[in-house]
Amino acid sequence: MSELIVAMDFADPGDLLACAGELKGTVTWCKVGLEAFVLAGPDLVHKLEQLGFQVFLDLKFYDIPNTVAAAVRSACRTGARLLTIHTQGGEAMCRAAMAAAREAGEKRPLIFGVTVLTSFGEGQMPGIAQSPQDFAQFLARSASSWGLDGVVCSGLEAPAIKADTSLLALCPGIRPKGAAANDQARVVTPAMAVQAGADFLVVGRPITRAADPAAAARAILEEMAGASRI
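Keep in mind that this is a model prediction, so the values were computed, not measured.

**A short note on the pattern of salt bridges**
And then number 1: Scanning all chains against the criterion turns up nine salt bridges.
And then number 2: Of the charged contacts in the structure, one is a salt bridge between Asp43 and Lys47, with a shortest N-O distance of 3.3 Å. Placement of both Asp43 and Lys47 in helix α3 (residues 42-50) is noted, with a separation of four residues, approximately one turn of the helix.
And then number 3: A relative accessible area of 40% places Asp43 in the partly exposed class.
And then number 4: A relative accessible area of 37% places Lys47 in the partly exposed class.
And then number 5: By sharing partners, the salt bridges in this structure join Asp9, Lys31, Asp58 and Lys60 into a single network.

**Some thoughts on the nonpolar core**
And then number 1: Judged by nonpolar contacts, the single largest core of 63 residues is most densely connected at Met8, Leu23, Leu48, Leu57, Val72, Ile85 and Ile207.
And then number 2: Considering every element that reaches this core, the biggest residue donor is helix α5 (residues 91-102), with seven residues.
And then number 3: Residues contacting Leu48, with those up to four places away along its chain left out, are Leu16, Leu17, Ala20, Cys30, Val32, Phe53 and Val55.
And then number 4: Formed by eleven residues, the second largest nonpolar core is a distinct cluster that contains Ala7, Phe56, Leu82 and Val152.

**Describing the packing of aromatic side chains**
And then number 1: One pass over the full model with this rule turns up three aromatic pairs.
And then number 2: Here Trp29 and Phe200 contribute two aromatic rings whose centre-to-centre distance is 5.5 Å and whose plane-to-plane angle is 75°, an arrangement assigned as edge-to-face. Of this pair, Trp29 sits in strand β2 (residues 29-33) while Phe200 is found in strand β8 (residues 200-203), placing the two residues 171 residues apart along the sequence.
And then number 3: Among the residues examined, Trp29 registers a relative accessible area of 4% and is labelled buried.
And then number 4: Relative accessible area serves as the criterion here: at 5%, Phe200 is assigned to the buried category.
And then number 5: Look at Phe135 and Phe138: their rings are 6.1 Å apart centre to centre, the planes differ by 20°, and that puts the pair in the stacked class. Of the two residues, Phe135 and Phe138 are both situated in helix α6 (residues 132-145); the distance of three residues between them amounts to about one turn of the helix.
And then number 6: Assessed through its relative accessible area of 41%, Phe138 is described here as partly exposed.
And then number 7: Here the aromatic residues Trp29, Phe112 and Phe200 are joined through ring pairs into a cluster of three or more.
And then number 8: Just above the ring of Phe10 sits the side chain of Arg209; from NZ or CZ to the centre is 4.5 Å.

Analysis parameters
Residues numbered from 1 in each chain as written. Predicted model: local features only at pLDDT ≥ 70, side-chain atom pairs only at ≥ 80, totals over all residues. Heavy atoms only, no water. Salt bridge = Lys/Arg side-chain N within 4 Å of Asp/Glu carboxyl O. Helix = DSSP H or I, 4+ residues; strand = E, 2+ residues; numbered from the N terminus. Buried < 20%, exposed > 50% of the residue type's maximum accessible area, 1.4 Å probe, protein only. Core = buried A, V, L, I, M, F, W, Y, C linked by side-chain atoms within 4.5 Å. Contact = heavy atoms within 4.5 Å. Phe/Tyr/Trp six-rings, centres within 6.5 Å; stacked < 30°, edge-to-face > 60°. Lys NZ or Arg CZ within 6 Å of the ring centre and 35° of its normal.

The values reported here are purely geometric and, on their own, carry no functional implication.
Below, the structure is given as structure tokens:
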């Protein structure tokens, strides 16, 4: 069954926690990204855990292997249940990240490799001649051989990646029908993502900026449930 992750992309940690309070009991996962973490740090993750959320810490590590391994060790100490690294960092970096995560034992977070950001459209990746779909699949095959738990990809790439690997797929760029795409170039609806095989769907503004975030989240969960029965 696909799971919904709400992207808590707020500049003010107080606003983030207020939204989390509204969503408590409706969703179980939330995402903390660069904007909030740079300002509020690990304490924000701890507060969300105390509210009952599993936290996806989306910092997209990309550096030399030793630095990424050290960053993963630090991130494990926050209690986050899912972390991201950039698959383009290469084999040594990805393997170092996995080795560092395993040091945390049974409670280690899942490590997902970012393939192609959903803000990229055709012909927009610097130095990359392949289409976003082909490049994402290439990176996913690499991530699978390097031992990552999953990859971050758009719902457009998920079917081919799921057919080609045993990786979990986390899909951002999810927009309900009628919602603005904002800065996303490769978007799918919640139903399309579920039918594509996505294990996790990340939805931000359509929920967090809604007049009633809990109601917006419930509507998406209902759409996901309906798609899973088809």
